[in-house]
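Reading the structure
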Amino acid sequence: KYLKGETSVFILSFYAFLLLYAYLTFSLIYSGSIIINSGTILIGALSLLIGFISSFITQLFIFWFVLLFRKNKPITDSFNHAFAKSVLRLGVHLLRTKVTVTGKENIPNKPFILVGNHQENYDILIIMPIFKQPLSFIAKEVLAKLPIFGKWMKVLGNVFITRDADRQAAAAIIQGIKHYKQGLSMGIFPEGKRSFSNELLEFKPGAFKLAMKSKADIVIVTQYNVCTIFKRFPWRPYKVHLHIHPLLKYEEYKDMSSHELSNYVKDIIQAQLDVY
């Protein structure tokens, strides 16, 4: 039940290990007087830094260790998705990012196709933990090569695609449709690349084939200010927004062409960006 809550068990374990490692480091280094002095403070700060790094490595090890036992589970396995989202919540926390979500009542209880604007590398990190049900993405191939995380993405049913490869793009859409029919919600970014801003790039109508061929309902999301993460110095807390629009049911768009649907969804996202 903790994995499915808003508070990540990985956040709790991160700080538990941080304090444990910091205490052990401090005890090993400092064995002198208990009187607080500049040397004691310096050793304490160093112990916390070592504790932070060691705890982070421990979380990665746990993530990898669980993968060894869960890698052959179905792509819709609820524990795998809940476990991964717990790790992602830790990532959002360590990025010092507060995500304000509106429209959560619009999330359906059945599989769907998610469509949203694409601002940065962190989009999936921000979006996935918001949804309780299994959700994967049509993602760029470079993510599959990430140590540990790339293998987890494959286990969760993410489909990878190289940039500017039309034939592979079509194959990725077909694979995404198969995953949807197995009960897995799939997400896609119609811009095809990051905008690095709150401005929309042109949508690729072909991306909407994922929903049209699946005859799926569409969850439209608008992200705002994800592009600001790591853009300010010194490093400060970040505030990003994500709005979930009313569900676009298949019956509402089934007579549209992919170009018409693309323009329709783009206008919805743009209108919300204008509000922000």
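Residues numbered from 1 in each chain as written. Predicted model: local features only at pLDDT ≥ 70, side-chain atom pairs only at ≥ 80, totals over all residues. Heavy atoms only, no water.

For the protein, the count of helices and strands is nine helices and seven strands. Once the C-alpha set of the protein is aligned to its principal axes, its extents read approximately 80 × 45 × 35 Å. By sequence separation, contacts in the protein at least 24 residues apart represent 74% of the contacts at least 6 residues apart. About 14800 Å² of surface is accessible on the protein, with carbon and sulfur atoms providing 62% of the total. Counting 33 positive and 18 negative side-chain charges, the protein places the centres of these two groups 11 Å from one another. (Helix = DSSP H or I, 4+ residues; strand = E, 2+ residues; numbered from the N terminus. Contact = heavy atoms within 4.5 Å. Areas by Shrake-Rupley, 256 points an atom, 1.4 Å probe, with all protein chains shown as cover. Lys, Arg positive; Asp, Glu negative; His and termini not counted. Charge placed at Lys NZ, Arg CZ, Asp CG, Glu CD.)

This brings us to a nonpolar patch on the surface. Taken together, the side chains of Leu 28, Ile 29, Leu 46, Leu 49, Ile 50, Phe 52, Ile 53, Phe 56 and Ile 57 present a nonpolar region at the surface, about 850 Å² in accessible area. Looking at the nonpolar patch, the elements that each hand over two or more residues are helix H1 (9–29) and helix H2 (38–70). Looking at the nonpolar patch, the element that brings in the most residues is H2, giving seven residues. Of note, Phe 56 is situated in helix H2. Given the relative accessible area of 38%, Phe 56 is considered partly exposed. (Patch = residues over 30% accessible without salt bridge, like charges linked within 9 Å, V, L, I, M, F, W, Y side chains within 5 Å. Salt bridge = Lys/Arg side-chain N within 4 Å of Asp/Glu carboxyl O. Buried < 20%, exposed > 50% of the residue type's maximum accessible area, 1.4 Å probe, protein only.)

Moving on, we come to the pattern of salt bridges. If you walk through the whole model with that rule in mind, you get four salt bridges. Two residues, Glu 202 and Lys 266, come together in a salt bridge whose shortest N-O distance is 3.2 Å. Taken as a pair, Glu 202 in the loop between strand E5 (185–188) and helix H7 (209–214) and Lys 266 in helix H9 (residues 258–275) lie far apart in primary sequence, 64 residues in all.

Grouped together as the largest cluster of nonpolar side chains are 44 residues, with contacts concentrated most on Leu 114, Ile 127, Phe 131, Phe 137, Val 221, Ile 229 and Ile 244. Among the elements of the structure, H1, H2, helix H3 (78–94), helix H4 (123–127), strand E3 (135–140), helix H5 (149–155), strand E6 (218–224) and strand E7 (238–244) are those that each provide at least two residues to this core. By residue number, the principal contributor to this core is H3, which donates seven residues. Setting aside residues up to four positions removed in sequence, Phe 131 forms contacts with Lys 85, Ile 107, Phe 112, Leu 114, Val 219, Val 221 and Ile 244. Ranked by size, the runner-up nonpolar core spans 31 residues in total, among them Val 159, Ala 211, Met 212 and Leu 273. (Core = buried A, V, L, I, M, F, W, Y, C linked by side-chain atoms within 4.5 Å.)

Here we take up the sheet that holds E5. Pairing is mixed across the open sheet formed by seven strands, whose spatial order is E1-E7-E6-E2-E5-E3-E4. Two strands close off the open sheet at either side, each with one partner strand: strand E1 (97–102) and strand E4 (159–161). Adjacent strand axes in the sheet meet at a mean angle of 25 degrees, parallel and antiparallel pairs treated alike. Sheet topology note: the E1/E7 ladder contains six bridges and is parallel. Within E7, the residue paired with Lys 98 across the bridge is Lys 239. (Pairing = 2+ DSSP bridges. Axes fitted to C-alpha atoms, helices over the stretch in contact; angles between N-to-C directions.)

Running from N to C, H1 and H3 point in directions that differ by 60 degrees, and their axes come no closer than 7 Å. By the criterion of interaxial angle, the relationship of H1 to H3 is oblique. Where H1 abuts H3, its residues Val 9, Phe 10, Ile 11, Phe 14 and Tyr 15 lie against Phe 83, Ser 86, Val 87, Arg 89, Leu 90, His 93 and Leu 94. Its residues placed into classes, the contact of H1 with H3 shows nine nonpolar, two polar and one charged. (Parallel < 35°, antiparallel > 145°, perpendicular 65-115°, else oblique. Nonpolar A, V, L, I, M, F, W, Y, C, P; charged D, E, K, R; others polar.)

With that settled, the discussion passes to the packing of aromatic side chains. The description of an aromatic ring pair rests on the distance of the ring centres and on the angle between the ring planes. Summed over the entire model, instances satisfying the criterion amount to 17 aromatic pairs. With a centroid separation of 5.9 Å and 25 degrees between ring planes, the pair formed by Phe 63 and Phe 83 is classed as stacked. Taken as a pair, Phe 63 in helix H2 and Phe 83 in helix H3 lie far apart in primary sequence, 20 residues in all. For the pair formed by Phe 63 and Phe 83, the shared burial category is buried. Classification of Phe 63 as buried rests on a relative accessible area of 3%. (Phe/Tyr/Trp six-rings, centres within 6.5 Å; stacked < 30°, edge-to-face > 60°.)

Here the focus is the confidence of the model for the protein. Residue-level pLDDT values for the protein average 88, and 90% of them are 70 or greater. Contacts of residues 1–6 to residues separated by more than four positions or lying in other chains number twelve contacts, the stretch itself having pLDDT below 50. (pLDDT = per-residue confidence, 0-100.)

For Arg 96, which is not glycine, the phi dihedral falls at a positive 55 degrees. Position of Arg 96 relative to the elements: it lies in the loop between H3 and E1. Overall, Arg 96 belongs to the partly exposed group, its relative accessible area being 37%. Positive phi, close to 65 degrees, is recorded for Ile 148, a residue that is not glycine.

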